[in-house]
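Listed below are the residues making up each chain.
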Amino acid sequence: QVYLVESGGGSVQAGDSLRLSCRTSGMNFKIARMSWYRQAPGKQRDLVASVSSDGTTNYTDSVKGRFTISRDNAWNTVFLQMNSLKFEDTADYYCQATWESRNFWGQGTQVTVSS
């Protein structure tokens, strides 16, 4: 059974930072593509950032220069460092693992940014 557990969300002021973590188990983390998505109230779930097994990263334009995705293969964990947070970053953030052609999701962690 594959498990993804996110943590690190919270309520912050605009300009603050948060670091999200996603601890995984039950899969070969080293070869999985890991991604962070977010879903704001009433909106669709969108890709924020991803990191491939070789460390290649991609970001949606709105977070470039502010967010950093990283992975720790020793701890089967992916991180999302979020700096200079804005009100529009408010959303539920979800971790996704793509492994053996299947996608697995965590339960989400809430991020609220007040202006």
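Quick caveat, the model's predicted, so the values are computed rather than measured. (Residues numbered from 1 in each chain as written. Predicted model: local features only at pLDDT ≥ 70, side-chain atom pairs only at ≥ 80, totals over all residues. Heavy atoms only, no water.)

*Asks:* Before we move on, can you summarise the sheet that holds strand β3 (residues 18-25) with the specific residues and values?
*Replies:* Read from one edge to the other, the open sheet built from 4 strands follows the order β1-β3-β8-β7, with strand pairing classed as antiparallel. If you trace the sheet from one side to the other, it starts and ends with β1 (3-7) and β7 (67-72), each paired once. Sheet twist, expressed as the mean angle between neighbouring strand axes with direction ignored, is 15 degrees. (Pairing = 2+ DSSP bridges. Helix = DSSP H or I, 4+ residues; strand = E, 2+ residues; numbered from the N terminus. Axes fitted to C-alpha atoms, helices over the stretch in contact; angles between N-to-C directions.)

*Asks:* If you had to explain the pairing of strand β9 (residues 91-99) to someone new, which residues and values would you point to?
*Replies:* Counting buried positions along β9 gives 7 out of 9 residues, so the element sits mostly inside the fold. Taken together, the 7 bridges between strand β4 (residues 33-39) and β9 define a ladder with antiparallel strand orientation. Within the sheet, the bridge partner assigned to W36 lies in β9 and is C95. Alignment of β9 against strand β11 (residues 109-114), held across 3 bridges, turns out to be antiparallel. What sits directly across from Y93, in β11, is T109. Strand direction decides the pairing type here: β9 and strand β10 (residues 102-105), joined by 4 bridges, are antiparallel. When the sheet's bridge partners are listed, Q96 is paired in β10 with W105. (Buried < 20%, exposed > 50% of the residue type's maximum accessible area, 1.4 Å probe, protein only.)

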